[in-house]
Amino acid sequence: MPWYQPASRAPTTWLVLKTLAHLALVWSVAFYFVPRMLITWQSAMGLHELFYEQQQAVGLGLMAIASLISLWSALLLAIEGRGTPARIDAPRRLVISGPYAWVRNPMAVSGLAQGVAVSLYTGSSLILILVLLAGVFWHFVRRRDEEHDLQRVFGRSYELYRRSVRCWMPRRNRWAPAEPHAAIAAAQAMRLPPSRRRYRRR
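What you see is a predicted model, and the numbers here were worked out from it, not measured in a lab. (Residues numbered from 1 in each chain as written. Predicted model: local features only at pLDDT ≥ 70, side-chain atom pairs only at ≥ 80, totals over all residues. Heavy atoms only, no water.)

S.K.: Honestly, the nonpolar core in this entry has me stumped. Any pointers?
M.R.: For soluble globular proteins, the rule of thumb is that nonpolar side chains tend to be buried together. In terms of nonpolar packing, the biggest core is built from 15 residues, with Tyr4, Leu94, Tyr100, Phe154, Tyr158 and Tyr161 touching the most fellow members. Those elements that place two or more of their residues in this core are helix 2 (55-79), helix 4 (125-154) and helix 5 (156-164). Top contributing element to this core by residue count: helix 4, with three residues. Counting residues in hydrophobic clusters, the runner-up holds six residues, among them Leu38, Val118, Ile127 and Val131. (Core = buried A, V, L, I, M, F, W, Y, C linked by side-chain atoms within 4.5 Å. Buried < 20%, exposed > 50% of the residue type's maximum accessible area, 1.4 Å probe, protein only. Helix = DSSP H or I, 4+ residues; strand = E, 2+ residues; numbered from the N terminus.)

S.K.: Which parts of the structure should I look at to understand unusual backbone geometry?
M.R.: Most peptide bonds take the trans configuration, and most residues that are not glycine carry a negative phi. Residue Arg82 is not a glycine yet carries a positive backbone phi of 60°. Mapped onto the elements of the fold, Arg82 is located in the loop between helix 2 and helix 3 (106-122).

S.K.: Looking at this structure, how should I read the environment of Gly81?
M.R.: Considering the arrangement of structural elements, one finds Gly81 in the loop between helix 2 and helix 3. A C-alpha to C-alpha distance of 9.8 Å links Gly81 and Leu15, two positions 66 residues apart in sequence. Aside from chain neighbours lying at most four places away, what touches Gly81 is Leu76, Pro91, Arg92, Arg93 and Val95. (Contact = heavy atoms within 4.5 Å.)

S.K.: Would you take a moment to explain the packing of helix 1 (residues 12-45) against helix 2 for this structure?
M.R.: For any two helices packed against each other, the geometry is given by the interaxial angle and the distance between the axes. Packing of helix 1 against helix 2 leaves a shortest axis separation of 9 Å and a crossing angle of 145°. For the element pair helix 1 and helix 2, the recorded crossing hand is right-handed. Of the residues in helix 2, those in contact with Thr12, Leu15, Val16, Thr19, Leu20, Leu23 and Trp27 of helix 1 are Ser67, Ser70, Leu71, Ala74, Leu75, Ala78 and Ile79. Here the residues of the contact of helix 1 with helix 2 are counted per class, giving ten nonpolar, four polar and no charged. (Axes fitted to C-alpha atoms, helices over the stretch in contact; angles between N-to-C directions. Left-handed = near helix turned anticlockwise from the far one by under 90°. Nonpolar A, V, L, I, M, F, W, Y, C, P; charged D, E, K, R; others polar.)

S.K.: Quick question: what am I supposed to make of the packing of aromatic side chains here?
M.R.: To describe a pair of aromatic rings, you give the distance between the ring centres and the angle between the ring planes. Under the criterion given, the structure shown has four aromatic pairs. Between the aromatic rings of Tyr32 and Phe33, the centroid separation amounts to 5.0 Å while the plane-to-plane angle is 80°, which identifies the pairing as edge-to-face. Since its relative accessible area comes to 47%, Phe33 is described here as partly exposed. Ring centres 5.4 Å apart and planes at 75° place the aromatic pair Trp138 and Trp168 in the edge-to-face group. Here Trp138 is found in helix 4, whereas its partner Trp168 is found in the loop between helix 5 and helix 6 (186-189), with 30 residues between them in sequence. Using a relative accessible area of 13% as the deciding quantity, one classes Trp138 as buried. Aromatic rings pair up to connect Tyr158, Tyr161 and Trp175 into one cluster. (Phe/Tyr/Trp six-rings, centres within 6.5 Å; stacked < 30°, edge-to-face > 60°.)

S.K.: For this particular structure, what's the right way to read helix 4?
M.R.: Working note: α-helix, 3.6 residues per turn, so residues spaced by three or four point in the same direction. A maximum bend of about 45° is found in helix 4 at Arg142. Its side-chain oxygen 3.4 Å from the backbone nitrogen of Leu126, Ser124 forms the N-cap of helix 4. Within two residues after helix 4, Gly155 carries a phi angle of roughly 55°, on the positive side. (Bend = angle between axes of the 7 residues up to and from the residue. Polar contact = N/O pair within 3.5 Å; in protein donor to acceptor, adjacent residues only side chain to side chain.)

S.K.: Explanation requested: a nonpolar patch on the surface in the structure shown.
M.R.: On the surface, Leu25, Val29, Tyr32 and Phe33 cluster together to form a nonpolar patch covering roughly 400 Å² of accessible area. In this fold, Tyr32 is placed in helix 1. Its relative accessible area of 40% is what places Tyr32 among the partly exposed residues. (Patch = residues over 30% accessible without salt bridge, like charges linked within 9 Å, V, L, I, M, F, W, Y side chains within 5 Å. Areas by Shrake-Rupley, 256 points an atom, 1.4 Å probe, with all protein chains shown as cover. Salt bridge = Lys/Arg side-chain N within 4 Å of Asp/Glu carboxyl O.)

This is the structure we're talking about:
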């Protein structure tokens, strides 16, 4: 069974609730329970900690900004994309507005920023290393599969978007297609034969 499965048709309210539940689960595990375990282990091992003046304030500020961007991006997937951030309950339509008009993967960017914020607030060098490893894994492993799925599902609509908006570096100006952009519904595209065309990573 393909990992990318379009969400079933449902009221927007239900999609938003599922999206909020998804975020609550991911955030609680990634930014609370796992960091607590790492900090406990780091303290027991006597590993180096990072601290400087105003570090916790910087961490809180970064966490607030990154969380708002992540929440905004996730809600757009529910409201405009008609799905959730989960790949097995994915958006039915390609979302190119909001943060997606500046950077191609705003949830990945904001998620890594949240991890850095946790490392700053706690002063944990181990958490920072784990965040960097997670970024490398996402870029070289997870991103390839995700972009292949999006290319297969949304076809030329995603190809145009991918060529116009970078993966990590935000654009200077908000991107919008030059011509009216009608994204292919995922439920329709999933019935098409998967594309075998290889595309260059960016």
